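Each chain is listed here by its residues.
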Amino acid sequence: MPAFPSRFRRATPARADAPLLAVTAFRLPGAGSSQYISLACIAALLLLWWVATGRGWVPPLFLPGPAAVYQAWRDAWAGNIQGGLPLWQHLQWSALRVFGAFALAAVTAVPVGIAMGVSRVARGVFDPPIEFYRPLPPLAYLPLVVIWFGIDETSKIILIYLACFAPIALAAKAGVRGASIEQLNAAASLGATRWQLIRHVVVPAALPDILVGLRIAIGFGWTTLVAAEMVAATVGLGQMVLNASNFLRTDVVVMGIIVIGGVAWSFDLLMRWAEARLVPWKGRI
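- An unreviewed UniProt entry lists the protein chain under the name Putative aliphatic sulfonates transport permease protein SsuC, from Paracidovorax wautersii.
- The Sequence similarities (unreviewed entry) field of the UniProt record for the protein chain holds the comment "Belongs to the binding-protein-dependent transport system permease family."

1. Observations concerning the overall build of the protein chain
Link 1 in the chain: Helix and strand counts for the protein chain come out as ten helices and zero strands.
Link 2 in the chain: Secondary structure elements of the protein chain, listed N to C terminal, follow the sequence α-α-α-α-α-α-α-α-α-α.
Link 3 in the chain: Residues classed as buried in the protein chain amount to 35% of the 285 residues present.
Link 4 in the chain: Partitioning the intrachain contacts of the protein chain with sequence separation of at least 6 by distance along the chain shows that 71% fall at a separation of at least 24.
Link 5 in the chain: Taken as a whole, the protein chain presents about 18000 Å² of accessible surface, with 68% of it coming from carbon and sulfur.

2. Some details on the packing of aromatic side chains
Link 1 in the chain: One pass over the structure, following the stated rule, counts eight aromatic pairs.
Link 2 in the chain: Centre to centre, the rings of Tyr133 and Tyr141 are 6.4 Å apart; their planes meet at 80 degrees, and the pair counts as edge-to-face. Take Tyr133 and Tyr141: they sit in the same class, and that class is buried.
Link 3 in the chain: Judged by centre distance (5.7 Å) and plane angle (45 degrees), the ring pair of Tyr161 and Phe165 falls under tilted. With Tyr161 and Phe165 both in helix H6 (residues 153-176) and four residues apart, the pair spans about one turn of that helix.
Link 4 in the chain: Site record: aromatic cluster; members linked through ring pairs are Phe99, Phe102, Trp222 and Phe267.

3. Considering the pattern of salt bridges
Link 1 in the chain: Here the structure, examined in full by the defined rule, presents eight salt bridges.
Link 2 in the chain: Salt-bridge contacts for Glu229 lead to Arg97; the nearest nitrogen and oxygen are separated by 2.7 Å. Note that Glu229 is positioned in the loop between helix H8 (194-228) and helix H9 (237-246) and Arg97 in helix H3 (residues 87-118), a separation of 132 residues in sequence. There is no split in this pair, since Glu229 and Arg97 are both buried.
Link 3 in the chain: For the salt bridge of Arg215 with Glu275, the shortest nitrogen-to-oxygen distance reads 3.4 Å. On the criterion of sequence distance, the pair formed by Arg215 in helix H8 and Glu275 in helix H10 (residues 250-278) is long-range, its members being 60 residues apart.
Link 4 in the chain: Owing to a relative accessible area of 9%, Glu275 belongs among the buried residues under this scheme.
Link 5 in the chain: Residues joined in a network through salt bridges with shared partners are Arg215, Asp268, Arg272 and Glu275.

What counts and how
- Residues numbered from 1 in each chain as written.
- Predicted model: local features only at pLDDT ≥ 70, side-chain atom pairs only at ≥ 80, totals over all residues.
- Heavy atoms only, no water.
- UniProt positions renumbered as here; feature names shortened; annotations may be inferred.
- Helix = DSSP H or I, 4+ residues; strand = E, 2+ residues; numbered from the N terminus.
- Buried < 20%, exposed > 50% of the residue type's maximum accessible area, 1.4 Å probe, protein only.
- Contact = heavy atoms within 4.5 Å.
- Areas by Shrake-Rupley, 256 points an atom, 1.4 Å probe, with all protein chains shown as cover.
- Phe/Tyr/Trp six-rings, centres within 6.5 Å; stacked < 30°, edge-to-face > 60°.
- Salt bridge = Lys/Arg side-chain N within 4 Å of Asp/Glu carboxyl O.

Right under this line is the structure:
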């Protein structure tokens, strides 16, 4: 029998009673907490903002200082801005629109995505329309949505719903591929039916990708909010920002952007917390 080259030989102890070599534990690249790095980055950006506006490097019309934005937040919370509505009412209406449309999209898109992953018929039916409208910007089909559903809340929710639906469905479809053939064969050999395979093997395997799709979809929902509230809206964060831009109230615009980003970021942190507890095996197997 020919001898293998030395680089292919397994390292064996010199004696039978010699201890085995300790196995070094490796971590994936980028593993570990980045909390302190994120806090340092936020602090550096705030410091740069304060220095740039305080020293007059940027005119206040283009970028107001932190103190001006904080004062705009106080005025908006008290209702002392255009429209007279307090900030919490704008936030309430925008949250209802975004999270309402997001919930509807999650309830409908996850089953559609799983069906596309396990059935070629469902994939042939749903894949063409989803891939057709997914690259379209919401402003492109906004006039059509308004013509079909009017200018009330229905058109706004549908617009945000369409923006959230595609990423969730495609994430669920891709997640179905996470179930290995060994897992499917093992469950089938134990007598599992097709529906039991989908419920106990396919869905748990697709859950990590579904959660990522939900995180991406909520970002698209907040992005589409401004376009949705352009249609005869009198209340909402997007409407508040658009109205402030017409009067060159840059401080209100920046304040609204920070509020929208803060709410979206808080929800993303919540989704990360849920992901760590629902799929603790992700990245470990």
